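# Geometric and topological summary
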Amino acid sequence: MPTVSVVTLAKGRPAHLRNVLRGLERQTQKPAEFVVAVMQDAPYDLPEVGFPVRQIRVEGTELPLAAARNRGVAASTGEAVAFLDVDCIPTPGFVAEYAQALSDLDGLLMGEVLHLPEHATLGDWDYDDLARVAEKHSDRRGPPASGIEICTDYRCFWSLNFAIRRATFEAVGGFDERYTGYGGEDTDFGKLLDRRGIPIAWMKGALAYHQYHPHHMPPIHHLDSVVRNAELFEAKWGYRTMGHWLYAFKVMGLIDDTPDQPIRILRRPDAADLALTGQKSHQPYTNSASVIRHLEARAREAEAEPA
């Protein structure tokens, strides 16, 4: 089976990152190394563990997610690379299960993700505790019952937890570093793999627990970068990506996304928008679909009111 380097992109969230490292310490197959692509000025204070840990600084005024993934691969040595967001704790079989699956399929593999409520990782947590309170995201499909299942739509790619052979990553050229800030760079990579005939697949296993942190969905706090990156995707591929987010922004009155015209930002998100889209403390994840349903119902009610 291939050796596996684990790459994490990190800005802030030091407690989350230490939990990632704790998860990697408990692996049945140790990673070749843990590479942290640091998107902040100072490196992290991390404990010594039984495998190499390397922190690399990635420059950028906004979240340079595409560039950070590319730098992480360049700094790693494994025959395969598993990417984990900084808020995702790998279960003990994470590395071994990716190694086995990548020995069977030359493609991009997406492991399982379950979401944790607030305070789930306080204190000396264990995996039984996490399993009891974790929830599946209602907007995301689950893994197959067993093995590997090819995804027929590249837009299924979710960069929270995925792995790929190093040679395959390098052959396609990695992520397009013109994408900066939040949104679109992973869909672009999925499109690139699809064009090259490289399969994208869900797999049973390689489970990671997503740690709670306040967030907005749709991501109105990243309005500018979502708009900019959607237009970059359109210039490159002929159509816009992140359509569900753009639709939500439109219904909220934040943008005008008239086809064949540049997207115009009409106003900035206000306190009501932030309250509507913000993750509540009792929620393990945010949910675009429920926000869109709420907005559509509100629009229908407004239309039904007498003039």
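Looking at an unreviewed UniProt entry, one finds the protein named Glycosyltransferase 2-like prokaryotic type domain-containing protein, with Methylorubrum aminovorans as its source organism. Turning to the protein, the UniProt record has this under Sequence similarities (unreviewed entry): "Belongs to the glycosyltransferase 2 family."

Summed over all chains, the structure comprises 13 aromatic pairs. Between Phe162 and Phe175, the ring centres sit 6.4 Å apart and the planes meet at 55°, which makes this aromatic pair tilted. Here Phe162, found in strand 9 (residues 161-165), pairs with Phe175, found in the loop between helix 5 (166-172) and helix 6 (185-195); they are 13 residues apart in sequence, far enough to count as distant. Given the relative accessible area of 0%, Phe162 is considered buried. Counting every residue linked through ring pairs, the aromatic cluster contains Phe83, Phe157, Phe162, Phe169, Phe175 and Phe189. Here the basic side chain of Arg69 rests over the ring of Phe175, its NZ or CZ set 5.0 Å away from the ring centre.

Bringing helix 7 (residues 223-237) into the picture now. Between its first and last C-alpha atoms helix 7 spans 21 Å; for 15 residues at 1.5 Å apiece the expected length is 21 Å, and the two agree. Within helix 7 the residues assigned to the buried category are Leu223, Ser225, Val226, Val227, Asn229, Ala230, Leu232, Phe233 and Trp237. For helix 7, the secondary structure elements touched by its buried residues are helix 6, helix 8 (243-251), strand 12 (255-256) and strand 13 (264-265). At the C-terminal side of helix 7, Gly238 shows a positive phi close to 95°.

Okay, the nonpolar core next. Core analysis: the largest hydrophobic core is formed by 70 residues, its most contacted members being Phe34, Met110 and Phe189. A total of six residues in this core trace back to one element, the largest contributor, which is helix 3 (residues 94-104). With sequence-adjacent residues up to four places away left out, Phe34 is seen in contact with Val6, Thr8, Leu17, Val20, Leu21, Leu24, Phe51, Pro52, Val53 and Arg54. Listed in part, the 16 residues of the second largest apolar core include Val227, Ala230, Leu246 and Val291.

The rules behind each value
Residues numbered from 1 in each chain as written. Predicted model: local features only at pLDDT ≥ 70, side-chain atom pairs only at ≥ 80, totals over all residues. Heavy atoms only, no water. UniProt positions renumbered as here; feature names shortened; annotations may be inferred. Phe/Tyr/Trp six-rings, centres within 6.5 Å; stacked < 30°, edge-to-face > 60°. Helix = DSSP H or I, 4+ residues; strand = E, 2+ residues; numbered from the N terminus. Buried < 20%, exposed > 50% of the residue type's maximum accessible area, 1.4 Å probe, protein only. Lys NZ or Arg CZ within 6 Å of the ring centre and 35° of its normal. Expected span 1.5 Å × (residues − 1). Contact = heavy atoms within 4.5 Å. Core = buried A, V, L, I, M, F, W, Y, C linked by side-chain atoms within 4.5 Å.

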